[in-house]
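Notes for the structure review
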Amino acid sequence: MHIQIITALLGSLGFSLLFGLRPRYLCLASLGGGICWAFYQLCLQSGLSVFVTCLVASAFSALYGEILARIMKAPAPLFFIPTVIPLIPGSTLYYTMRSAVQGQLDLAADYGMQTLLSALAIAAGVSLVWSVFFMADRVEEYLKKK
């Protein structure tokens, strides 16, 4: 598991460099990728489904990005995007396409469903956290006006 976390951290670092992230944010964004993957692995090992696991890990990524954005006074996507990169279901997408090309449509459908559920869980987890922060910002603005 340690090797996977280090690999996720390095993958987030590589994406951050490719994304053109400023050097002062590189460590925090990369660390987030490693922590996100650790959350994913812990949830998976505790017996949760892949959907719930992706939901929890992506919610963590969004929360991590929002908190760091406020601390560092920077936009949240600078931290969120590299942090969520390890969750992208690239392998299942590859296996979906490979199975489809080989004519194994039942297998392609299974992998496709796994890919779809992972992507949906990532979007749902992020949406939940962003909705809470959006509402909190609106309440704060409303209270400042009074």
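Predicted model only: the values in this text are computed from it and were never measured. Each chain has its residues counted from 1, running along the sequence as written. Local features in this predicted model are restricted to residues whose pLDDT is 70 or higher, and side-chain atom pairs enter the listing and the counts only when it is 80 or higher, whereas totals over whole chains, interfaces and linings include all residues. Side-chain measures were taken over the full set of non-hydrogen atoms in the model, leaving aside hydrogen atoms and water.

Description of the overall build of the protein
- Going along the chain from the N terminus, every DSSP run of H or I of four or more residues is numbered as a helix, and every run of E of two or more is numbered as a strand. Looking only at helices and strands, one finds 6 helices and 0 strands in the protein.
- When the helices and strands of the protein are placed in sequence order, the string is α-α-α-α-α-α.
- With the C-alpha coordinates aligned to their principal axes, the bounding extent of the protein is approximately 65 × 35 × 30 Å.
- A simple rule labels every residue: compare its accessible area, found with a 1.4 Å probe on the protein chains alone, to the largest value its type can have, and call it buried under 20%, exposed over 50%, or partly exposed in between. Across the 146 residues in the protein, those meeting the buried criterion constitute 36%.
- Considering only intrachain contacts with a sequence separation of at least 6, the fraction spanning at least 24 residues in the protein is 64%.
- Throughout, the Shrake-Rupley method with a 1.4 Å probe supplies accessible areas, and for residues the shown protein chains are the sole cover considered. Total accessible area computed for the protein in this model is approximately 8700 Å², and 73% of it derives from carbon and sulfur atoms.
- Think of it this way: Lys and Arg go in the positive column, Asp and Glu in the negative one, and His and the chain ends go nowhere. Lys charges are placed at NZ, Arg charges at CZ, Asp charges at CG and Glu charges at CD. When the 9 basic and 6 acidic side-chain charges of the protein are each reduced to a single mean position, those positions are 14 Å apart. Here, two residues are considered to be in contact whenever any of their heavy atoms come within 4.5 Å of each other.

Quick look at the layout of surface pockets
- Every definition here rests on a 1 Å grid over the protein atoms only: cavities are sets of points where a 1.4 Å probe fits but cannot get out, pockets are open sets enclosed by protein on both sides within 12 Å along at least five of seven lines, and lining residues have some atom within 4 Å of a point. Grid points are joined across faces, edges and corners, and a volume is the space filled by probe spheres set on the points. In this structure, the largest pocket occupies an estimated 240 Å³ of space.
- The wall of the largest pocket is formed by 15 residues, among which Y40, V50, P89, T92 and S118 lie closest to the centre.
- Taken together, the elements giving at least two residues each to the lining of the largest pocket come down to α2 (23-45), α3 (50-72), α5 (90-101) and α6 (105-145).
- Looking at side-chain class alone, the lining of the largest pocket contains 10 nonpolar, 5 polar and no charged residues. In the scheme used here, Gly and all other residues not listed as nonpolar or charged are polar, with Ala, Val, Leu, Ile, Met, Phe, Trp, Tyr, Cys and Pro taken as nonpolar and Asp, Glu, Lys and Arg as charged.

Notes on the environment of I122
- Along the chain, I122 turns up in helix α6.
- With relative accessibility at 11%, the residue I122 sits in the buried group.
- Sequence-distant contacts of I122, defined by excluding residues within four places in its chain, comprise C54, S58, V84, L87, I88 and P89.

Details of the packing of aromatic side chains
- A pair of Phe, Tyr and Trp rings is counted when the ring centres sit within 6.5 Å of each other, with Trp represented by its six-membered ring. The angle between the planes then sorts it: under 30 degrees is stacked, over 60 is edge-to-face, the rest tilted. For the structure on display, the rule yields 8 aromatic pairs.
- On the numbers, 5.4 Å between centres and 65 degrees between planes, the contact of Y94 with Y95 is edge-to-face.
- The class for Y95 is partly exposed, based on a relative accessible area of 31%.
- Ring centres 5.4 Å apart and planes at 35 degrees place the aromatic pair Y95 and Y111 in the tilted group.

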